[in-house]
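A closer look at the structure
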Amino acid sequence: MRTSPNCLKHYLLFLMLCSAAVLHAQQISLVKPLQGLVRSYESCNGDLYFTDDVRLWKTNGDSSNTFVLRQFRPFSTVHSLTCYNGKLYFIANDSTAGYELWTSDGTAQGTNVLKNISPGHAFPRTALPDGGSLLFVYNNLLYFTADDYYHGQELWQSDGTANGTQMTLDLNPTGTGVYNLSIVGNKLFFKGSDGDSIRLWTSDGTASGTKVVNTVVPKSLMKSTQNSYVYLHGQCKDSTSAFYQKWGLFVSNGTDTGTRMITDTLNYYNDFTFNHIELNGKAFFINRRSYKYQLYVTDGTKAGTVLLKDGLILNTLNANAYFTIYKNLVYFSASDKAIVKSGQLWVSDGTLAGTHPLTSINPFPDPKSLIEYDGDIFFRGRTNDRMELWSTDGTSQNTQVIPYINANHVHLYSYVYESPIFQHHKSLFFDAVYDTTIGIALYKYDYSVPPNPTNVTSAVLGKIAVYPNPVEETIYTSSKDVVQLTVYDMTGKMLLKEDSDHINVSSLAAGSYIIEITANGNKKMDKFIKMHSAPR
């Protein structure tokens, strides 16, 4: 029985509408043009706050409700955004007070200096090297280190009021006393000095509850997120002399008896990150070895502290932007020195055998700003000479670009490389330069699967994926049950058709297309990106 052209046209339109429902359920949309790269985000009291260098913004995700709360001194930095008791607290410089502690209730009128702690700069110009905050919420108070000009940098606390913002203790009466504050378990840990050498200290937030750990001189701290201890790179004190000797990796619970050296193979000349990621009792951290950043793992023992894979090179000491935990595995960005190309997405269970690249995509995605969202990993990845939003479910065939298709159905590419990606409510927010006429702008990605209006797909069909995506020549499917593949352009015009589980698309121009998959008597439509074919 032949199908009439009108019936075929209506059926195709129906499939396109069903496909559009799926496509539009996973889409990137413009929120607002910006004036600089986004440096940090913070959710507070139902709204999203973010900074683009010298401006503090607020948004609820809609363009009409995205606006600048305050602009600060040119070439300064707004950082350490922290939500505390329903208000935002942060560090900024308005050209009058220097870098001081600010607060905002979400209005321009309610965005002000909380307290002018110093006639100069009470805080440093930038946040921690890993992008983390210098402000910490602990025991229902806000803790931080500040220099009031008279006492040096010391431990401070605030209850959110000017009168309640005060120095906790003057650890070193002759100079700076406190460095590198962090919360571990139910204690504050920091590097500090009471006039003697710098040592490890702990505090419960009171002067009387601040104690020194005499057995180690810390160089950098790596806080534990799962237990009440810290890893630290430091120097131990020889019990037979008054001098500190041997640099290495230590672990401490904040007491002398609970502080021990794990290994001395990481010496003074090796730097390693003070942030790391933990999984199943192991800590993954980055160590600089022979002028290259490499991945190590420790289980707290000397034998269990090893270079995870020789030749695997990371491009930063910052573990936060390049690591994430997903499905009980660690995913991270790295390159193999045996491969000339740039970084790939790697996965590890903490063993050499269980550490391998997830994909062999060429060109490599060079992933950055990894984040788990809605059951997948999202990251910034490279597509030729551009960076775009990518996602993966942990399989090679489902590691793909999420394209930005504008109102004219044109696939636009991003120029932004390493800014963070942040989840607020049910959306991902990120900055990009998709359109040079707009410039840098804030975008959001929304993912939600609507109810299936008809039996167009089955449970089995819904699991079938197409790969690689983007593609240069041939698209494959993840199931041999596929009997037919049909390719349409974004207007619904049929371009290619093949009674097979794969189809050659090398004849297509670069751009976005729809592929219809037929299997088990059901149909499913997906979207794919055709890249320029590499010259031969």
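Summary of the structure given here. (Residues numbered from 1 in each chain as written. Predicted model: local features only at pLDDT ≥ 70, side-chain atom pairs only at ≥ 80, totals over all residues. Heavy atoms only, no water.)

Before going further, it helps to examine the pairing of strand β14 (residues 178-184). Across five bridges, the pairing between β14 and strand β15 (residues 187-192) is antiparallel. Looking across to β15, one finds that Val178 is bridged to Gly192. In textbook terms, the turn of a hairpin is the stretch between consecutive antiparallel strands, and for β14 and β15 this stretch comprises two residues, one of which, Gly185, has a positive phi near 60°. (Pairing = 2+ DSSP bridges. Helix = DSSP H or I, 4+ residues; strand = E, 2+ residues; numbered from the N terminus.)

Here we come to the side chain of Ser104. Here Ser104 shows up in strand β8 (residues 99-104). Overall, Ser104 belongs to the buried group, its relative accessible area being 1%. Polar contacts involving the side chain of Ser104 include one to the main-chain amide nitrogen of Gly106, which spans 3.1 Å. Residue contacts for Ser104: discarding those within four places in its chain leaves Tyr49, Leu69, Lys87, Leu88, Phe90, Gly110 and Thr111. (Buried < 20%, exposed > 50% of the residue type's maximum accessible area, 1.4 Å probe, protein only. Polar contact = N/O pair within 3.5 Å; in protein donor to acceptor, adjacent residues only side chain to side chain. Contact = heavy atoms within 4.5 Å.)

This next bit is on the sheet that holds strand β7 (residues 87-93). The strand order across the open sheet formed by four strands is β6-β7-β8-β9, and the pairing between neighbours is antiparallel. Only two strands of the sheet have a single partner each, and these edge strands are β6 (79-84) and β9 (111-115). The sheet shows a mean angle of 35° between the axes of neighbouring strands, taken without regard to direction. Pairing analysis gives six bridges linking β7 to β8, with the strands arranged antiparallel. Residue pairing across strands places Ala92 opposite Glu100, the latter belonging to β8. (Axes fitted to C-alpha atoms, helices over the stretch in contact; angles between N-to-C directions.)

Under the defined criterion, the tally for this structure stands at four salt bridges. Asp47 is the salt-bridge partner of Lys58, the closest N and O atoms lying 3.5 Å from each other. With a gap of eleven residues between them, Lys58 in strand β4 (residues 55-59) and Asp47 in strand β3 (residues 47-52) connect regions that are remote in the sequence. Grouping residues by exposure puts Lys58 and Asp47 together as buried. Between Arg380 and Asp431 there is a salt bridge whose closest N-O contact spans 2.8 Å. Placement of Arg380 in strand β32 (residues 376-383) and of Asp431 in strand β38 (residues 427-432) is noted, with a sequence separation of 51 residues between them. What makes Asp431 buried here is its relative accessible area of 0%. (Salt bridge = Lys/Arg side-chain N within 4 Å of Asp/Glu carboxyl O.)

Pro468 follows Tyr467 through a cis peptide bond whose omega is -10°. Within the secondary structure layout, Pro468 lies in the loop between β40 (466-467) and β41 (474-477). Of note, the bond from Asn469 into Pro470 is cis; its omega dihedral lies within 30 degrees of zero at 15°. Turning to its location among the elements, Pro470 is positioned in the loop between β40 and β41. Of note, the phi angle at Asn140 is positive, near 65°, even though the residue is not glycine. The topology assignment puts Asn140 in the loop between β10 (136-138) and β11 (141-147). With a phi close to 55°, Lys327 is a non-glycine residue in the positive phi region. Take Lys327: it is sitting in the loop between β27 (323-326) and β28 (329-336).

Further remarks concern the packing of aromatic side chains. The geometry of an aromatic ring pair is captured by the separation of the ring centres together with the interplanar angle, meaning the angle of the planes. Counting across every chain of the model gives 23 aromatic pairs. Taken together, a centroid distance of 5.6 Å and an interplanar angle of 15° make the contact between Phe50 and Trp57 stacked. Overall, the relative accessible area of 0% leaves Phe50 in the buried class. For the ring pair Tyr138 and Tyr143, a centre distance of 5.6 Å and an interplane angle of 70° mean the geometry is edge-to-face. (Phe/Tyr/Trp six-rings, centres within 6.5 Å; stacked < 30°, edge-to-face > 60°.)

Here, the word disulfide means a covalent bond between the sulfur atoms of two cysteines. Under the defined criterion, the tally for this structure stands at one disulfide. Covalent S-S linkage joins Cys44 and Cys83, the inter-sulfur distance amounting to 2.2 Å. What sets the handedness of the Cys44 and Cys83 disulfide is the S-S torsion sign, and at about 65° it is right-handed. Placement of the pair is Cys44 in strand β2 (residues 40-44) and Cys83 in strand β6, with a sequence separation of 39 residues. (Disulfide = S-S within 2.5 Å.)

Assignment of secondary structure puts Thr399 in the loop between β33 (386-392) and β34 (400-402). Of the residues examined, Thr399 reaches a relative accessible area of 3% and is grouped as buried. At a separation of 2.7 Å, a polar atom in the side chain of Thr399 contacts the side chain of Thr392.

For the rest of this paragraph, the subject is the sheet that holds strand β31 (residues 368-373). One key point about sheets: their strands pair by backbone hydrogen bonds, in either a parallel or an antiparallel sense. The strand order across the open sheet formed by four strands is β31-β32-β33-β34, and the pairing between neighbours is antiparallel. Each having just a single partner strand, β31 and β34 make up the two edges of the open sheet. Geometrically, the sheet is characterised by an average inter-axis angle of 40° between neighbouring strands, direction not taken into account. The sheet contact formed by β33 and β34 spans three bridges and is antiparallel. In the strand pairing of β34, Leu389 is matched with Ile402.

Moving on, we come to the nonpolar core. Judged by nonpolar contacts, the single largest core of 16 residues is most densely connected at Ile475, Val487, Ile503, Val505, Leu508, Ile515 and Phe528. Secondary structure elements with two or more residues in this core: β42 (482-488) and β45 (511-519). Residue contacts for Ile475: discarding those within four places in its chain leaves Val466, Tyr467, Pro468, Asp501, His502, Ile503, Val505, Ile515 and Phe528. (Core = buried A, V, L, I, M, F, W, Y, C linked by side-chain atoms within 4.5 Å.)

Let's shift gears to the environment of Phe528. Relative to the assigned elements, Phe528 resides in strand β46 (residues 522-530). The class for Phe528 is buried, based on a relative accessible area of 0%. Apart from residues no more than four positions distant in its own chain, Phe528 is found in contact with Asn469, Val471, Ile475, Val487, Val505, Leu508, Gly511, Ser512, Tyr513, Ile514 and Ile515.

The next subject is the environment of Gln157. Its place among the elements puts Gln157 in strand β12 (residues 153-158). In this structure Gln157 comes out as buried when scored by relative accessible area, which is 14%. In this structure the C-alpha to C-alpha distance between Gln157 and Tyr138, which are 19 residues apart in sequence, comes to 9.4 Å. Excluding anything up to four places from it in sequence, Gln157 contacts Leu141, Leu142, Tyr143, Phe144, Gly164, Thr165, Gln166, Thr168 and Gly205. A polar atom in the side chain of Gln157 sits 3.0 Å from the side chain of Thr168.

Interpretation in functional terms is not warranted from these geometric data alone.
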